[in-house]
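Given next are the chains, with one letter for each unit.
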Amino acid sequence: MNLHTLRIFTNVAKLGSITEAANLLHISQPAVTAQIRKLEREIGVKLITGKGRGIELTSEGEFLYEQGLRLFQLEEQIDEKFKTFLEKKEKVKIASSYISTNYILPPIIAGYKLEHPDVDVYVSLGNVQSVERRVLNYEVDFGFVVQSKIGHEDLHFEKIADLPFWFVVHPTHPLANKEVSIFELCEHDFIYREKGSSTLDLLEAIFYTHNCPLPKFGLQIEGVLESIKVVEAGYGMALAPACSVKETLAQGRLARVFVKQAEINQSLFICTRKADENEHPFIYYLKSKLIES
């Protein structure tokens, strides 16, 4: 497969327009169309169809676009790596979900930087899906996610820690500091996280495991800290990682609800590409620090 032709197709797919791709690549529109048709003949499938003034990808086109995008991201990463060789300066790019970014990684990154001052570290925040996508597309070296379901088949997930989760309420809540059955939680307003949140997945798994209806819907809000703030202001109940509420509990601004026979944990995973054979030095450093703690 000709990489020049694949690059043209990838730009057409990304922009959703032959005209815009032609303008970006500084070639004529007929030349772009000819290259797409040549690629379709070469691989024996139709890749795009017309849709209004733009284009629409076939299922085969979607697959080729994803693979092409990943290939050219890898090309950029190789270029960047060789620039760092010339500059003699290393870069570490990490994608991480909220919990690990805010509560697990900061002291480890600080320690790593103190030991390796010449290494540039870049951390981007995202949900589980976006972290997986960035690792797959070679936009980052690896990722950290808190999740209960393993994702893409081309990724490797290694569990490095278990994180306890607690039900929390305002100190004036009728269940504050009480031990109750999971069925008693259903009667009270609950702060739900957004769809796709690993915390929402965990909540559903807990109640389904106990053959119990989900808690009463109070409201839905995006973000761990945001849901905790709502409870702290006096409304509802939330499920939150213990590391995010310990300080607030100690200050008396929140209270726990203890659920009988329900010890709740979720796992922290390192997310890497299966094609990457060697463990990154930062991952080795992180594992050693977690063992020490």
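Because the structure is a prediction, the values reported are computed rather than measured.

K.L.:
Just checking my understanding: could you explain the packing of aromatic side chains for this structure?
P.N.:
Pairs of aromatic rings are described using the distance from one ring centre to the other and the angle between the two planes. A full pass over the atoms with the stated rule returns nine aromatic pairs. Look at Y98 and Y103: their rings are 6.3 Å apart centre to centre, the planes differ by 65 degrees, and that puts the pair in the edge-to-face class. The exposure class assigned to Y103 is partly exposed, which follows from its relative accessible area of 25%. Put simply, the rings of Y112, F142, F144, F282 and Y285 pair up and form one aromatic cluster.

K.L.:
So what exactly am I meant to see when it comes to unusual backbone geometry here?
P.N.:
Negative phi is the rule for most residues except glycine; trans is the rule for most peptide bonds. For Y138, which is not glycine, the phi dihedral falls at a positive 60 degrees. Locating Y138 in the fold gives a position in the loop between α6 (128-136) and β5 (142-147).

K.L.:
Help me out: how do you make sense of the pairing of strand β9 (residues 216-221) in this one?
P.N.:
For a regular strand, side chains alternate in direction, first toward one face of the sheet and then toward the other. With five bridges connecting them, strand β8 (residues 189-193) and β9 associate as parallel partners. Bridge pairing in β9 places Y192 opposite Q220. Between the parallel elements β8 and β9, the chain passes through helix α8 (residues 198-209) in a crossover that is right-handed.

K.L.:
Quick question: what am I supposed to make of the UniProt feature "domain: HTH lysR-type" (unreviewed entry) in the protein chain here?
P.N.:
The residues that UniProt annotates with the feature "domain: HTH lysR-type" (unreviewed entry) are residues 1-58. Helix makes up 62% of residues 1-58 and strand 14%, whereas the separation of the span's terminal C-alpha atoms amounts to 19 Å.

K.L.:
How should a nonpolar patch on the surface be read in this particular structure?
P.N.:
A surface patch of nonpolar side chains, about 230 Å² in accessible area, is lined by M1, I43 and V45. One can find M1 in the segment before α1 (3-15).

K.L.:
How should the environment of I55 be read in this particular structure?
P.N.:
Residue placement: I55 occurs in strand β2 (residues 54-57). Distance in space between the C-alpha atoms of I55 and K113 is 47 Å, their sequence separation being 58 residues. What I55 contacts, discounting residues up to four positions off in sequence, is V12, G16, S17, I18, I48 and T49.

K.L.:
Would you take a moment to explain the packing of helix α2 (residues 18-25) against helix α3 (residues 29-43) for this structure?
P.N.:
To describe two helices that pack against each other, one gives the angle between their axes and the distance between the axes. The interhelical angle for the contact between α2 and α3, taken along N-to-C directions, is 110 degrees, at an axis separation of 8 Å. Comparing their axes, α3 and α2 come out roughly perpendicular. Listed contacts from α3 to I18, T19 and A22 of α2 are Q29, V32 and T33. The class makeup of the residues in the contact of α2 with α3 is three nonpolar, three polar and no charged.

K.L.:
Looking at this model, I keep getting lost on helix α11 (residues 281-292). Mind explaining?
P.N.:
Owing to its 3.6 residues per turn, the α-helix brings residues three or four apart onto one side. Along its 12 residues, α11 runs 17 Å from first to last C-alpha, staying within 8% of the 16 Å computed at 1.5 Å per residue. All of the buried residues in α11 are F282, I283, Y285 and L286. Each buried residue of α11 lies within a common arc of 160 degrees when the element is viewed along its axis, so the set occupies one face. Among the exposed residues of α11, those oriented more than 90 degrees off its buried face are Y284, I291 and E292. Close packing links the buried residues of α11 with β3 (91-96), α5 (98-115), β5, β6 (155-169) and β12 (265-273).

K.L.:
What is the right way to read the side chain of S198 from this model?
P.N.:
Following the sequence through the fold, S198 ends up in helix α8. When its relative accessible area of 11% is taken as the criterion, S198 is described as buried. With near-sequence residues (within four places) excluded, S198 lies in contact with V128, V146, Q147 and Q266.

K.L.:
Help me out: how do you make sense of α6 in this one?
P.N.:
Turning to α6, its buried residues are V128, S130, V131, E132, V135 and L136. Downstream of α6 by one or two residues, Y138 has phi in the positive range, about 60 degrees.

Rules used in this analysis
Residues numbered from 1 in each chain as written. Predicted model: local features only at pLDDT ≥ 70, side-chain atom pairs only at ≥ 80, totals over all residues. Heavy atoms only, no water. Phe/Tyr/Trp six-rings, centres within 6.5 Å; stacked < 30°, edge-to-face > 60°. Buried < 20%, exposed > 50% of the residue type's maximum accessible area, 1.4 Å probe, protein only. Helix = DSSP H or I, 4+ residues; strand = E, 2+ residues; numbered from the N terminus. Pairing = 2+ DSSP bridges. Right-handed = clockwise from strand over helix to strand, strands pointing away. UniProt positions renumbered as here; feature names shortened; annotations may be inferred. Patch = residues over 30% accessible without salt bridge, like charges linked within 9 Å, V, L, I, M, F, W, Y side chains within 5 Å. Areas by Shrake-Rupley, 256 points an atom, 1.4 Å probe, with all protein chains shown as cover. Salt bridge = Lys/Arg side-chain N within 4 Å of Asp/Glu carboxyl O. Contact = heavy atoms within 4.5 Å. Axes fitted to C-alpha atoms, helices over the stretch in contact; angles between N-to-C directions. Parallel < 35°, antiparallel > 145°, perpendicular 65-115°, else oblique. Nonpolar A, V, L, I, M, F, W, Y, C, P; charged D, E, K, R; others polar. Expected span 1.5 Å × (residues − 1). Arc of directions from axis to C-beta.

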